[in-house]
Each structure stands twice: as structure tokens, then as C-alpha cells.
Amino acid sequence: MSGLAKTAVLAEEGGNNQNRKRSLHITEQCNNKRTKSDDMSANEKKSNFSLLNPHSNGSVKMTSSSMNKPGAATKKLVIKNFKSKPNLPENYQETTWSKLREAVIAIQTSKAIAYSLEELYQAVENMCSHKMASQLYVNLTNLVEAHVKANIEQFLSESMDRQVFLKRMDDCWRAHCHQMIMIRSIFLYLDRTYVLQNPSIHSIWDMGLDLFRHHIAMNTLVQTRTVDGLLLLIEREREGDAVDRSLLKSLLRMLSDLQIYEEAFEHKFLLATERLYAAEGQRLMSELTELAVPQYLAHVEKRLREENERLLHYLDPSTKWQLIHTIERQLLSEHLSGILDKGLKALMDGPRLADLTTLYGLFGRVKDGLVELCKHFNAYIKKKGRTIVIEPERDKTMVAELLDFKEQLDHVVTTCFQRNDKFLYSMREAFEYFINQRQNKPAELIAKFVDVKLRAGNKEATEEELERLLDKIMVLFRFIHGKDVFEAFYKKDLAKRLLVGKSASVDAEKSMLSKLKQECGGGFTLKLEGMFKDMELSKDINITYKQYITPSQHLSAVAEGGGLELSVYILTMGFWPTYPPVEVRLPVELTRHQEHFTKFYLAKHSGRKLQWQATLGHCVLRAHFTQGKKELQVSLFQALVLLLFNDGDNLSFEDIKTSTNIEEGELRRTLQSLACGKARVLSKAPRGREVHDDDHFAFNGDFTNKLFRIKINQIQMKETSEEQKATEERVFQDRQYQIDAAIVRVMKMRKALSHNILITELYNQLKFPVKPADLKKRIESLIDRDYMERDKDNPNQYNYVA
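Remember, predicted model here, so these are calculated numbers, not experimental data.

Thresholds applied
Residues numbered from 1 in each chain as written. Predicted model: local features only at pLDDT ≥ 70, side-chain atom pairs only at ≥ 80, totals over all residues. Heavy atoms only, no water. Helix = DSSP H or I, 4+ residues; strand = E, 2+ residues; numbered from the N terminus. Buried < 20%, exposed > 50% of the residue type's maximum accessible area, 1.4 Å probe, protein only. Contact = heavy atoms within 4.5 Å. Areas by Shrake-Rupley, 256 points an atom, 1.4 Å probe, with all protein chains shown as cover. Pairing = 2+ DSSP bridges. Axes fitted to C-alpha atoms, helices over the stretch in contact; angles between N-to-C directions. Parallel < 35°, antiparallel > 145°, perpendicular 65-115°, else oblique. Left-handed = near helix turned anticlockwise from the far one by under 90°. Phe/Tyr/Trp six-rings, centres within 6.5 Å; stacked < 30°, edge-to-face > 60°. Lys NZ or Arg CZ within 6 Å of the ring centre and 35° of its normal. Polar contact = N/O pair within 3.5 Å; in protein donor to acceptor, adjacent residues only side chain to side chain.

Some points on the overall build of the protein
From N to C terminus, the protein includes 30 helices and 14 strands. By residue count, 42% of the 802 residues in the protein fall in the buried class. Of the contacts made within the protein by residues no fewer than 6 positions apart, 68% connect residues no fewer than 24 positions apart. Summing over all exposed atoms, the protein offers an accessible surface of approximately 46,000 Å²; the carbon and sulfur share of this is 50%.

Observations regarding the sheet that holds strand 8 (residues 650-652)
The three strands lie next to each other as 8-10-9, forming an open sheet whose pairing is antiparallel. Lying at the two open borders of the sheet, with one neighbouring strand each, are strand 8 and strand 9 (682-685). Taken pair by pair, the neighbouring strands of this sheet meet at an average axis angle of 25 degrees, ignoring direction. Here strand 9 runs beside strand 10 (residues 696-699); their pairing, made up of four bridges, is antiparallel. Across the sheet, the residue bridging to A685 is H696, located in strand 10. Contacts between helix 26 (residues 653-660) and the sheet are confined to strand 8 and strand 10, with strand 8 contributing the most and set at about 85 degrees to the helix.

Considerations on the packing of helix 19 (residues 463-479) against helix 21 (residues 506-520)
Each pair of packed helices gets described by two things: the angle between the helix axes and the distance between those axes. Viewed as axis vectors pointing N to C, helix 19 and helix 21 meet at an angle of 30 degrees, and their least axial separation amounts to 11 Å. Judged on the interaxial angle alone, helix 21 and helix 19 are roughly parallel. Crossing hand, helix 19 versus helix 21: right-handed. From helix 19, L466, E467, L470, D471, M474, F477 and R478 reach across to helix 21, where they touch A508, S511, M512, K515, L516, E519 and C520.

Looking at the environment of Q418
For Q418, the location among the structural elements is in the loop between helix 16 (398-415) and helix 17 (421-435). You can call Q418 exposed: its relative accessible area is 61%. Taking C-alpha positions, Q418 is 9.0 Å from Y360, a pair spaced 58 residues apart along the chain. What Q418 contacts, discounting residues up to four positions off in sequence, is Y360 and V413.

Examining the sheet that holds strand 11 (residues 709-711)
What links the strands of a sheet is backbone hydrogen bonding, and the strands pair in either a parallel or an antiparallel sense. As summarised here, the arrangement of the three strands in space is 6-7-11, forming an open sheet in which the pairing is mixed. The open sheet has two free edges, formed respectively by strand 6 (618-625) and strand 11, since each of these has just one partner strand. Taking the axes of each pair of neighbouring strands and ignoring which way they run, one obtains an average angle of 30 degrees across the sheet. For strand 6 and strand 7 (residues 628-635), the ladder comprises eight bridges, and the chain directions are antiparallel. Looking at strand 7, one finds that C619 is bridged to V634.

Notes on the packing of aromatic side chains
Overall, the coordinates contain 27 aromatic pairs when judged by the stated rule. When the ring of Y545 is compared with that of Y548, the centres are 6.2 Å apart and the planes differ by 25 degrees; the resulting orientation is stacked. Of this pair, Y545 and Y548 both sit in helix 22 (residues 522-549), separated by three residues, roughly a single helical turn. Put simply, the rings of Y545, Y548, F597, F600, Y601 and W612 touch in pairs and so form one group of aromatic residues. The ring centre of Y433 lies 4.6 Å from the NZ or CZ of K382, which sits over that ring.

Examining the side chain of K630
Among the secondary structure elements, K630 is positioned in strand 7. In this structure the side chain of K630 is engaged in a polar contact, spanning 2.8 Å, whose partner is the backbone oxygen of L707. Every residue in contact with K630, bar those within four places of it in the chain, is listed here: L621, R622, A623, F625, N705, K706, L707, F708 and I710.

Spelled out as C-alpha cells, the structure:
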């Protein structure tokens, strides 16, 4: 075999006294097997060079530095063109092609090649070098085409099984690819010279693909049977059967390589997928029950996972978006409302956190999925929350249920919905909506709930737990529109805790006050802070009063008081709830003590007026029983009743009523606590739970109790609707004052305003819910009182009267 080597030689070409350099490509041909012709002697043998560039002028001088020896003159190597081009043997093209054709046929028929691959490669190169490449490419194309055409016959049999057909197609494709790889290795020189120099001509590999595509893959019958067979295999796999994935992968790669994957397979595959999942979605949704929604979601996840595995194993990646989108549309998008209507309530009531996480993840994959989920989430909260708030029979547990409900929702949003801001906002909006569906009541019950938690004796929680509970209550408080209603009831309960000494912790009280101040501002808590200030000042006043009655000149006063020890709380009327004055008959000793304290206080604070509140008083009495002495911690009303038995052993209801002047209903509850409760220091005749007008009471000297100091609880009258209405009426009255002040404030600043603009300004300033009709009434009232007037020319405009 002869070898060819290409060398780039930097040559010097002379002419017109100008030195120019150019690169000459010289092909050196070495014949290792045969000697040169006889016209060259053994001493004159030189390497033959075939000059491929015919435009050279034939004068090339080459200097070799390797030939230079020390002291020797520089020698030059002169290379000259052939005087004539070497002649090819006769019939060289036909002979060489015959050899190549024989080799190609041997490859196509899986037989041994008679020639070495090196010899065949050299033959191709020689043909290309002598301008035979075009004909060689045509001959090779025709030969490959004839073989491909011959293969089509095996696929036209109608009786062939689909599985057999697909395997035969796969074998044919694999064989064709293997053959084209070997053929290309032989004709590589042709591929890298002639094909590259002619862009319009396919490479040998592409030529093989083009012929296979045109004569086999594009055949209508073959293509239909191939694609239908592939779709059948995929359908079986979707139904749970095991299929040959390697076969699917090979054939689908064939379609991709032949560039007919999209038009021949993908469109039909997506249509089949859409029909399958559309029918499956409709069937499953028709069978879907509330409890089966988690199973449906798991099924959708399973289907998505299976299709992703198909993409990974054999489908073309370009199919991914359309395939996954089709599944999401048919199993999710088309049934968003149905899934949520049937299953969200059950999932939320659980709450089934894992299923809700799955639901959120799946709905996040489809357009408007999270929007729809958020809308149903909002509707669920409003419906359930409204049920808790509206039903009067749930008033006792309303606040506790709302706190649990809010904590549950917070946990769901954090754990399952990734703290999505839209869901957080939707939850707040829903709470604000339903908690104000019942006017005033939630505010009242929240205030009473706080009262229960802050009372002394509440051992349910540690200080840290109580602090966290107060924080949660403040979250509910933020949703309430009528915060002034909360303030009214909270102030009334706080007064009882402070005056009766029932507050669990001063720190907890002040912490709650600080939270309210931070939420609503200093104006909201001004009166509440004033109550605490009054309690502190009262302590100082009582210390001063004790010092006042200690000197000898006042010993007579103590003697007149019968040895009583008096402690007084001085309450500023504007800070504390309004208590109706109650006139009762006090013992002479207590009356004298009150007179002494009044004299003492007015001497220090002139111009003030003291009004004694008997309903808020409490006493400690020393009692003598058969068992021994006891101390009874009682209310002032209980004390007045018990003191009567110092002068008589048996008293009727009417006697007690006349002697104490206590209101009848209050007296009945007082006697019940003393004669019918746990600590029965009085005995009632006839026996019974209720107190009647003809009942008689006697001191129970045989009363026993292991404790020395006994607290006799007053039977609390449940807050009547009249008392609640009275509190609400006070709130309503306060609102009238605030509305009036707001109207005057706006009109004073703007001087003249239209009715609509004034109403808008008032809505922006007022912090409680108000109706336009209420605002109109207050405007008319201010016009009547000459704070403002209607414009003479425009009745819809108001002018401020300075």
C-alpha cells in the first residue's frame, strides 16, 4: 500500500525584485512495494511528489537547516514539478468501484469483506484525488438505495403480529445504522472532502437516514403500523402491563433521528393521551366522594410520576411540556372546583396536612389553581367561622373555638401552603368578615374571655403560656371593628378584678394593657391606665389615713367605730365604669368610720365630692361557732345581713329587707349564698334552693369547716340583657360624642363641604362601624345646635358656623 503525506512548505518565489511568501501543499507519494521504472538508476532514485496545485510556476527552493554542517556551505533542495502527470491504469475507475461495491454488498448482507479496510479506504482516496468523487458518491447512493428498497418488502405482510412487526422494524433499523457506520468508515475520505466541499449534498450518514426515511419510514402502511404499535405498547404500560421499554426507546429514537418524530408520532400520542386522561378524569370525578379526594390526588401524582418516567426512559424530551400539560389539564384544570367542593372541607377539618400539601403542590402546577384554592380556602373559613360566631348556644366556647380555629389555619398555611402571602391575606380577610357578622357580641365575649384568664385562681397556664395566650387573643382583637365595645366590657371586668383583688397577676394585667396600647394607641388605654393609677394612689391614701387615726386625739373616733379597720379605694369617676348609686342601711359603726374618712379626705382635697359605692365593698367578719372562731370573707351585702344576727337569732325575709334596704333581687342572691351554698352559716326554713318572701333565717351555730378563714362567694347574677344593653348604650352614647367631634373637627378645618365628601372624611376618621343614617342624624343634630348650617344656594353643602 502506498502512503500519502501532506506537508506545508514555506517557499520563496522570486520575481520583479519582490520577495513573496506563499504556502504550497505538496503531496509526497511513497511506493513501498514496487520499484520505480527502469529509466531511473539506483543512484538517481528520489521520492516522487504529485503537485496538487496546478498553478505553481515550478520553481521552488527549500533550505534545510538540518543539512547545514559547521564549516560547510549551505545546500539548497530544489523541488520541481513533474514534466507530465502520471497516467492511471486503464479501467481504473470501474475496477476500483467494483471492489468497493463488493465490499458494500458484503456489509449489507453481513458477509466477510474480501479486502482490507485500509486498501478500500486508499481506493476511495485515490478516486477522490483523481476527480472521481462525484461519480463515486452517486454510485454509493444508488447502491444503498437499492438495498433499502429491498428491505421494504418484509414489512408489507398484513398477517404479521404487531409485536413481531415492531421487533423486525427495530432489527432493520439497527442493522441499517450498523451498515451505514461501516460504509462511512470506508468512504470517510469522500465524506470529508467531496461532501464538505458541496453543501447541497448529504453526508454519507445523512444520505443513509434520508433513504431509510423516504423508502421505509415514510411508507404510509409501515409508518401507520409502527406508530400504532408504539401507541398500543404505551397504552398497555399505562394500564399496568409490563412492556419492552428498550424496544420503545429504540424505535422512538429512530423516529427522532429520521426527524419524523413530531409529525408521525407525537401528535397522535398526545391525542391518545388526551382522550385517555379526559375519560379517566370524568370517570373518577363522577365516582368521587368527600373521603376519596386524597385518593384522587394520590392518583394524579402517580400519573404524573409515571409520565415523567416515560420521558426519562424512551420519550423524546421535546414532548415533556405538552405531555405533562395534557395530564394536568385533564386531571386537574378541568376539575378544580369539583375537587375543592368535594374535598377541601374534609381535608381542612382534619386537618390532613400531608394531603393538603399534595393539594397545594398539584394546584400550583396549573393555571389559576392556587387562585381557585385560595378562593375556596377563604369561603371555608368564612362559613365555619360564621357558624362559630352566629350561633348563640356557642357563646360560652366561642373565643376558645376561634383561637383553636386560628391556630389550626396558621399551621396549615405555614406547613402546607408555604406561608403564601395570598393565603395569609385571605385568612385575615375571612376572619375580619365573619367575626363582625354579629355586631358587638364577639367583642364582648373576647373581653370576658380575657377576664376569666386574668382572674386570680386561674391555674390553667404558667406566666409564659398566659403571655402567649394573650398574644393570640390580640390577633382576634385586631379583626374586631367595634373595639370600643371591647373596651367597655374589658374596663368593667378589670374594675371588678382590681377592686375585689381577683387579679391573677399585676404583670399580666399590665402586659395586656401594653398590648392594647400598642395596637390602638394611648387614647384607647387612657382610662384603663387611669384605673391602675387610682389603685396606686389609694394605697398611699390608706397609709396616710391610718397615720391620721393613730394619734391619741383620734382614739375616740376609733372607739366610736367599734374597732373596725377601714380601707378605701378612691376612684376617679371618668376612668371607672359608671355604677348606679345604691342606698343601704349601714351599721352605725361603719357609718361613723365613713364620716371620719370623708372629713380626712376633703380636708386634703377641697372641692371634691365622695360617693360611696356599696356594691363594690367587701368585709372580713369574725364569727363564733360551736366549733370555735372563724373569719368570714364576704361582700358588704353579706356582711350587713350577718351583722343583723348579733341582735336576733331568727329573722324573716321581710325583716332583713327592711333592716338593710338591699334591693330585693340582690338580697335573695345574698341569702342564697349564706344559707344555700357550700358555706351555710345561716339556716333557712323551709329548706329549698330558692328564697321566698315567707322564708325565715337563723344563725347556724353548728357550722363546721376545717379552714379558719372561709371565703363565701357571692352568687353572681348572670349579666342580664338589660345590663348588656346598658353597657352597649353607653358605648353607643360615646360613639355619638365621637361622631359629633369628628364632624366639627372636619368642618372647622375645611369650612365648607358637600355631604358626600363629609361622609367619606368621617369614614376615614372613625374607628368603629357606622351607618350613613347614623351620620346623617348627627349632622342634623349639629345643625340644630348651630355648629354648622346648610348652604342657602346648595342644600347638599354644609358650612361651618364659627
